Every structure is written in structure tokens, then in C-alpha cells.
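Geometric and topological summary
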Amino acid sequence: MEGKSPIKPSVGGFSFSAITPPPSLFHPSAGQHTFQLPASSTPSPKPEAQWRNVEWTQERKENLMKTVSSYRPRCEEAPQARVLLLGPVGSGKSSFISSVQSVFNGRVANRAMVGSFSTSFTKKSFSIHAQRGEDTSGLVLCDAAGLGDGGRTGLTLHDILSVIKGHVPEGHKFSPEQPVRSQTVGYVKLPNLKDKIHCVAFVVDASKITMYPQSLGTTFKKLREHISDLGVHQVALLTHIDQICPQTTKDLTQVYKRQSIRNAMSEAGALLGMSTSYIVPVKNYSSELDLDLNTDVLLLSAVDHILQYADLFFQDHKPRNPGPKFTL
């Protein structure tokens, strides 16, 4: 370990040779020498080599904005990709939507959270506008209630699958006592492809990842199994990363160099039952008044990640060409 270890590995081998510290670092005690570090503040852990490549530049931000704003599904039946955000209450679903909208609006603006303080929740969808006054992009982020934990209130598996299948109308208020059914007002009996969810993004809080109950992990894995059966791809957002890593709080470009972030991503993968290749860390805007370049790049990179998997849905559901017909 840096600054502490009195031994050092030999180059190209497994043997170790002792290193004698300077005399000033020794203190006699009972006839023995005791090694003592010089008085200094605890050094920050050294960053690792960056394990995901990110360009933290204005040019990269502008290119990502163009990619997102120009995105259109390669499917005539669905003009927009609909992405459902799922996660516990307070995980940062609504904040992520507000943060992405802030990037395109050019200023930080936080909208009211959905389903944080009541037992009824509304399904809301937000189209991402490319720039002020321009047409909407081909992306819609759908927000709903937090996931339920055991006997606590929240979206049920039945209601979530109803949303993904396209049966639930916009603005529907979910209630634990009134599950979605064919008699529900506005129920879409025969949903088209444009009504369905094309990608699911799970949202988990990095600062709470070790405190989530085991039952939540069971819920996530059960959800993922049923959602996969519907042919819908899934990714995950790891929020509040600035709360678990002081170095990242000071400098967001360190996010893919810090072991604490990598560990949190692994823990999120275990909770969700998915590979870390599907998981991206993000920092939402909360108390900030101004946009930050590095925060924008990380947010836009997450949106780009989501769109890649939404695109897979449309590839999987592309109408098959029956081939030329021959008449005899």
C-alpha cells in the first residue's frame, strides 16, 4: 500500500525485498524499532485507469445532443421510443427526467416529483425537446410511482406489465386498491406498437444500494423476468454517485476511475440481476442553479445508452419481408 508498506515486489517476479525506511521515521521502543508515518493528512486514494472512455468536452456534449435530438425509431408504427423509468421512491426517476430536460432547455429546472408523498400515483410521459421552439425528439421518458416493497404502497407487478403492454392511458392514477383492468377508464384494449414501452430503465440510488431490503432485489428480478418475456430490453441508471465518492463530488470526470463507483455498480448489478455493462452512473441536478458541462455529458451519455437498447426493440419487431410473390 502506498506510503505504508515496508516491502516492495521485485520486478518481474514474486519475491519481496525489505526496504529500510529513513532513520527519522524510527522511534526506539523496548529495544525495537517502530515504523511511524510522517504527520500528514490522509491522502486521497489514487484513481484507477479509466475503464470506460468518456470525452468531457463541449464538442462531445453537442454531438450527444444532436444524436438524441435527431433520434427517430426505425419503425413507421412508432414515431417515438417510449422508455419507462422504474425504481424505488426517491431513487431519482423524476430528477433524471428533469435533468435531461434541463440540458436541452439550457437551464436547470426541476419539476415536481411523481408519487413521493401520496398513495395514488399518476402515469406521466415527457417528450424530450431538442431545443426551445424545435420539434420534439423521438424519445419519450415515462414516469410513474415508485416500486412497492412488500406490504408498502407502490406499483404492483400487474400494473407495471399493463403499462409496458400499452394498456394504461396517459394520466391514469394508480391506486393499490384499484389495479388496472379492462374496466379501467381509458383502458386500451388493443394497443398499437406506439402505445407500448420499448425500453425499461431501472433507477437505483448509489447511496442506498447496500440498505435496500432483500425483498426489493427479489422484486427487481421477478420484474426483469416478466419484462424480458415481453421482448423489452432493460438498462439501469445508478444515481447519487456524488454522495458515495468525495473525489467524484469534486471532479465528475473521475467517475470511471474510482473503485467506490465501480463497487456500487457491481452491487447494483447484483441487486438487479444484470451485468454492469447495462448500468450507467449519473448525477442529477438537484440544488444547482447552473448547468455543468461534465454533468451534462454524463446525463446525455446515459440517454444515448438507453436509446441503443430501445433501438434493439425496434430491430426485433421489424416487419419481416415476406419476399416477392410469384404467380403461375
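Description of the structure in this document.

Conventions we followed
- Residues numbered from 1 in each chain as written.
- Predicted model: local features only at pLDDT ≥ 70, side-chain atom pairs only at ≥ 80, totals over all residues.
- Heavy atoms only, no water.
- Helix = DSSP H or I, 4+ residues; strand = E, 2+ residues; numbered from the N terminus.
- Contact = heavy atoms within 4.5 Å.
- Areas by Shrake-Rupley, 256 points an atom, 1.4 Å probe, with all protein chains shown as cover.
- Polar contact = N/O pair within 3.5 Å; in protein donor to acceptor, adjacent residues only side chain to side chain.
- Core = buried A, V, L, I, M, F, W, Y, C linked by side-chain atoms within 4.5 Å.
- Buried < 20%, exposed > 50% of the residue type's maximum accessible area, 1.4 Å probe, protein only.
- Expected span 1.5 Å × (residues − 1).
- Arc of directions from axis to C-beta.

1. Focus on the overall build of the protein
Secondary structure assignment for the protein yields seven helices and twelve strands. Pairs at least 24 apart in sequence give 72% of the contacts found in the protein among residues at least 6 apart. Accessible area for the protein stands at about 18200 Å²; split by element, carbon and sulfur atoms hold 52% of it.

2. Some points on the side chain of H167
Relative to the helices and strands, H167 resides in the loop between α3 (157-165) and β9 (173-174). Only 2.7 Å separates the side chain of H167 from the backbone oxygen of V188, close enough to count as a polar contact.

3. Remarks on the nonpolar core
Ranked by size, the top nonpolar core spans 84 residues in total, and within it L86, F96, V200, F202, V204, I227 and L238 carry the most contacts. Per element, the largest residue contribution to this core is twelve residues, and it comes from helix α7 (residues 293-316).

4. Some remarks on helix α1 (residues 58-69)
Across its twelve residues, α1 extends 16 Å between first and last C-alpha, which sits within 8% of the 16 Å expected from 1.5 Å per residue. Among the residues of α1, K61, L64, M65, V68 and S69 are the ones counted as buried. One side of α1 carries all its buried residues, which in axial view fall inside an arc of 125°. Exposed side chains of α1 directed beyond 90 degrees from the buried face belong to E59 and K66. In the core, the buried residues of α1 are packed alongside α2 (93-105), β8 (136-143) and α7.

Geometric descriptors of this kind do not, in isolation, establish any biological role.
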